[in-house]
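Residue-level listing of the chains:
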Amino acid sequence: MADLWLQFLLTIDATLRVATPLILCAMAGIFSEKSGVIDISLEGKMLMSAFVAAAVATLTSSALAGMFAAIGVAIMLGLLHGLASITLRGNQVISGLAINILASGLTVTVGIAMFQQGGQTPNLARAERFRPIELPFAEQLGGIPIIGTIYREVISGHNILVWIALGAVLFTAFMLTRTRFGLRLRAVGEKPEALDSAGVSVARTRYLALIIAGILCGMAGAYLSTAHGSGFVREMTAGKGYIALAAMIFGKWQPRGALLACLLFGFLEAVASRLQGVELPLIGQAPVDLILALPYLLTVILLAGFVGKAMPPRAIGEPYIKER
Amino acid sequence: MANGGSWSPLAIELSDINKSFGDVHANRNVSLTVVPGHIHGIIGENGAGKSTLVSILYGFYGADSGTIRINGETTTIRNSADAIGKGIGMVHQHFMLVPNFTVLENVMLGREGSLSVETGARKAREALNKLSQDFGLAVDPDMIVEDLPVGLQQRVEILKALFRGAEILILDEPTGVLTPQETEQLFDILRALRKQGVTILLITHKLKEIMAITDDVSVMRGGEMVAHLQTADTSPAELAELMVGRKVLLEVDHTPARPGAPVLDVQDLCLTDAAGIDQLKQISMTLREGEIVGIAGVSGNGQSELLDVLSGIMAPTGGHFTVGTNQITAERPSDPAELRDFGVAHVPEDRHKCGIVLPFSAAESMILGYSGGDEEDGGWWLSPSKLEESCAGRMREFDIRPPIPKLQSANFSGGNQQKIVLAREISTQPKLLLVGQPTRGVDIGAIEFIHKQLIALRNEGCAILLVSVELDEIMSLSDRILVMNNGQIVGELAREDADERALGLMMAGIGAEEKDAGSAKGAAS
């Protein structure tokens, strides 16, 4: 019984760790898409910043420097997406796709050129990574049944970026509902001409949204390569950007809904890795491949089946052109 | 004009404004002077350049040349923020409101006051209370805008402008979506604003409105300003002539109908959409040979859906309708091709979406939906020369200009595009013609022609169902008038008994839903 409880707690703990980049990306997606810009480039921005974070961390021996560089590069990619889709009024899906392809190729090419390890970055040392933060008295309180074990196994022992991700949810919710910028952001995604006629620049508001999205994506990438992992591996995002996008849509473009959806995806992945090699009643050995595929299957199902019911921002995907 | 002698400067003074879009010279040497505290009308047909002119004034477009003086000061207006800063407010034809925001959020958007919305919201709420007392402009600040009736949404637009300190208020075609009663309320508000010293620029293509409310009127035609008059010194006939450039017949020559056998019989027709909303509720009516039945109603009350069902674009979800001997029900739905075979022709409401294909040539647009016949083609193969030949014939018959079959549909004016659709549908000699908004975005000259064609078709024995938001059109063409509100037919009037007031009350649903109307009125006062 106690063992099962511990297994459960460890799974929840893993859920949080796996969900962190999803949460950061989903919040990034909320900023972009609430402003009316489709953001499938979450994947590319995260991949590129994962590489940059690891590379800079290796070169400077500082995880923090790596993260700031990652944020910088994600913002750059966001601005590139903005240039194509806001200023030049291009197709937002194609622009996003181009960024994803660019990131996929560039990370490997530059990685090989810099480190000669087949696209990987060298393994990061302890100081070059974000370390888990053991909360005070975790070991002592761990003896207390239930609450103590939850404190030790689930709450304690996460790195700073996990906490930042959870904070980002509160930040996003606060920005959207309580601030001037949030009001304008929601307006520009629903009816850009209303914002324009109110004397506020549509382009400026959208660029700002993309910059904030870039910051969040940068942290998601840094988390993957310098906190959760210990170095960059080619294609290490493995579609997490798309999963975050699906979670955001499933969460109806709302921070709370998106958080819950990210946790659901994180839970599935955590369960999948726990179930590897475990004998299950009736089925026998757990079909690991199937379980690993679950989050992706769910992504497809959610994107295909639930989009119709969710209410996207009305002006999403449309470049703003003053009417003739 | 009381220019030099007057002690207060002119509110607006535009001189020699020019603006081109590609080859189109939308404004040519346009000048305009507006006296402060007056209601000044600008009238002209669609495409006369009225909207371009006010868009320049509100900073949506920059003028190519010319000067703008506001309250005597020469200014440049680069964007809406500049215009707002100069005390100019605008109520757009298509509302600039965020549909899922509250009234309060819409009013304060762009004027939040501080980084946090809380303080801005408090200030906006106070200002709204004061404005509603001063001008009788009551609206519940916490209502979601899309849940408000159109008349109140427009009120929010006016409040938005006043909250931003507008002393000059521009209204672009403000009555297009209003019932006659709502229009009266709007005019009351405008009069109250004028009393408080607000200068109002009213853009419209309706002569009646100019005569009813303006002090001065300027007439535009073909991108130019052709006359400045004092309203008291002019007449609708004179204005119409100035707008069109020739004498026009404002009344249609309407002879009594001689209805024959029933052509269309509709019984308890219902339509529930994908979201589960009842768009059509138990519609029943009969249409006979040789009569025009008009459907009046504020747009969005089920008229479009009725046309969609009767033309076979959508299947009914309940009830049935019969065309000739063919019955269409939910279980046995039809499609537009089959209904065409039954003798139903359809001039759709939105010609750009459903009527023609803009990049197609006129000759191609002229056979859309009828390409299965054998007169223009040999079955499988299209013969461009035959298509163009028959198109040229119809262009002569319907006075479509320019008469060039090869020309892209997009390059025809709204009126001529509509004539292409009409020519295509009428020339099949239908038993039943469904017409939606036949003269939307069509100039007066073409309106005259289209109305004549419809009457002629009726006299040949065709049954015509006419849907229009233009009450004047409904009243001048219809032999009988049905009024729709909220997906239902709420009343029927014979041609002789129809007047604007009676129709307006029905359109607003008063009588059918006294309770709702009563509470809406309560909110309005």
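Residues numbered from 1 in each chain as written. Chains lettered and ligands numbered in written order. Predicted model: local features only at pLDDT ≥ 70, side-chain atom pairs only at ≥ 80, totals over all residues.

1. Looking at the overall build of chain A
Item 1. A count of helices and strands for chain A gives 13 helices and two strands.
Item 2. For chain A, whose C-alpha radius of gyration is 20 Å, the value lies close to the compact-globule estimate of 20 Å for 324 residues.
Item 3. Considered along the principal axes of its C-alpha atoms, chain A spans approximately 70 × 45 × 40 Å.
Item 4. Every one of the 324 residues in chain A was classed for burial, and the buried ones make up 47%.
Item 5. Nonlocal contacts in chain A, meaning residues at least 24 apart in sequence, comprise 77% of its contacts between residues at least 6 apart. (Helix = DSSP H or I, 4+ residues; strand = E, 2+ residues; numbered from the N terminus. Rg over C-alpha atoms; globule rule 2.2 N^0.38 Å. Buried ≥ 20, exposed ≤ 12 C-beta atoms within 10 Å, placed from the backbone. Contact = placed C-beta atoms within 7 Å.)

2. Points about the overall build of chain B
Item 1. Regarding its fold elements, chain B presents 18 helices and 20 strands.
Item 2. Here the C-alpha radius of gyration of chain B, 25 Å, is about what a compact globule of 525 residues would show, namely 24 Å.
Item 3. By principal-axis analysis of the C-alpha atoms, chain B measures approximately 70 × 50 × 45 Å.
Item 4. Residues classed as buried in chain B amount to 46% of the 525 residues present.
Item 5. A separation of at least 24 residues holds for 68% of the contacts in chain B among residues at least 6 apart in sequence.

3. Structural notes on the sheet that holds strand β5 (residues 73-75) of chain B
All names here are of chain B.
Item 1. Strand order in this open sheet of four strands is β2-β1-β4-β5, and the pairing throughout is antiparallel. Strands with a single pairing partner mark the edges of an open sheet, and in this sheet they are β2 (24-34) and β5. Between one strand axis and the next, the sheet turns through 30° on average, direction left out of account.
Item 2. Examined bridge by bridge, strand β4 (residues 65-70) and β5 share three bridges and lie antiparallel to one another. Counterpart to I70 in the pairing with β5 is E73. (Pairing = 2+ DSSP bridges. Axes fitted to C-alpha atoms, helices over the stretch in contact; angles between N-to-C directions.)

4. Quick word on the sheet that holds strand β15 (residues 326-329) of chain B
Residues and elements named next belong to chain B.
Item 1. As summarised here, the arrangement of the four strands in space is β12-β11-β14-β15, forming an open sheet in which the pairing is antiparallel. At either margin of the open sheet sits one strand with a lone partner, and together these are β12 (278-288) and β15. Across the sheet, the mean angle separating the axes of adjacent strands is 15° when strand polarity is ignored.
Item 2. Here seven bridges tie strand β11 (residues 262-272) to β12, and the two strands are oriented antiparallel to one another. Within the sheet, the bridge partner assigned to T272 lies in β12 and is D278.
Item 3. Relative to the sheet, helix α9 (residues 303-310) contacts β11, β12 and β14 (318-323), its axis offset from that of β12 by approximately 65°.

5. Here's the deal with the interface of chain A and chain B
Item 1. If you look at the interface, chain A gives 18 residues, while chain B gives 22 residues.
Item 2. At the level of secondary structure, the elements contributing two or more residues to the side of chain A that touches chain B comprise α8 (180-190) and α9 (192-197) of chain A.
Item 3. In terms of residue class, the side of chain A that touches chain B is made up of six nonpolar, three polar and nine charged. (Nonpolar A, V, L, I, M, F, W, Y, C, P; charged D, E, K, R; others polar.)

6. Re helix α1 (residues 2-34) of chain A
Residues and elements named next belong to chain A.
Item 1. With 33 residues, α1 extends 45 Å between its outermost C-alpha atoms, agreeing within 8% with the 48 Å of an ideal straight helix rising 1.5 Å per residue.
Item 2. In the structure, α1 departs most strongly from a straight axis at A19, where the bend amounts to approximately 40° and where the proline P21 lies between one and four residues downstream.
Item 3. Backbone geometry just downstream of α1 places G36 in the positive-phi region, at approximately 95°. (Expected span 1.5 Å × (residues − 1). Bend = angle between axes of the 7 residues up to and from the residue.)

7. Concerning the domain arrangement of chain B
Residue and element names in this part refer to chain B.
Item 1. Segmentation of chain B into domains returns domain 1 (12-244) and domain 2 (262-359 + 429-524).
Item 2. Relative to domain 2, the C-alpha centre of domain 1 lies at a distance of 32 Å.
Item 3. Listed as interface residues are 14 residues of domain 1 and, on the opposing side, 15 residues of domain 2.
Item 4. By residue class, the composition of the side of domain 1 that touches domain 2 is eight nonpolar, four polar and two charged. (Domains from an automatic or database assignment.)

8. A few points about helix α4 (residues 92-115) of chain A
Residues and elements named next belong to chain A.
Item 1. End to end, α4 covers 34 Å across 24 residues, agreeing with the expected 34 Å (1.5 Å per residue, within 8%).
Item 2. Next to the buried residues of α4 lie α2 (42-60) and α3 (63-87).
Item 3. Backbone geometry just after α4 places Q116 at a positive phi near 50°.

9. A few points about the pairing of strand β19 (residues 480-485) of chain B
Side-chain positions along a regular strand alternate between the two faces of the sheet.
All names here are of chain B.
Item 1. Judged by how many residues are buried, β19 sits mostly within the fold: six of six residues are covered.
Item 2. Judged by which residues are buried, β19 turns out to be covered on both faces: R480, L482 and M484 on one side and I481, V483 and N485 on the other are all buried.
Item 3. Across four bridges, the pairing between strand β13 (residues 292-296) and β19 is parallel. Residue pairing for β19: A296 is matched across the bridge by V483.
Item 4. Here β19 runs beside strand β20 (residues 488-494); their pairing, made up of six bridges, is antiparallel. For N485, the partnering residue across the bridge sits in β20 and is Q488.
Item 5. Taking the residues that link successive antiparallel strands as the turn, the β19-β20 hairpin has two residues, and the phi of N486 there is positive, at about 55°.

10. Notes on the pairing of strand β7 (residues 168-172) of chain B
Residue and element names in this part refer to chain B.
Item 1. Most of β7 sits out of view: five of its five residues are buried.
Item 2. Side chains I168, I170 and D172 of β7 all project onto a buried face; the interleaved residues L169 and L171 project onto the opposite face, where all are buried too.
Item 3. In terms of strand pairing, β7 meets strand β8 (residues 199-204) through five bridges, oriented parallel. Bridging across to β8, L169 finds its partner in I200.

11. Some thoughts on unusual backbone geometry
Item 1. Following R401 of chain B, the chain continues to P402 of chain B via a peptide bond in cis, the omega torsion being -10°.
Item 2. Take P402 of chain B: it is sitting in the loop between α13 (384-397) and α14 (414-426).
Item 3. For R89 of chain A, which is not glycine, the phi dihedral falls at a positive 55°.
Item 4. Mapped onto the elements, R89 of chain A comes out in the loop between α3 and α4.
Item 5. Residue R89 of chain A is classed as exposed on the basis of its C-beta count, with 12 C-beta atoms lying within 10 Å.
Item 6. The phi torsion at E173 of chain B lies on the positive side, around 45°, for a residue other than glycine.
Item 7. Residue classification places E173 of chain B among the partly exposed positions, given that 19 C-beta atoms sit within 10 Å.

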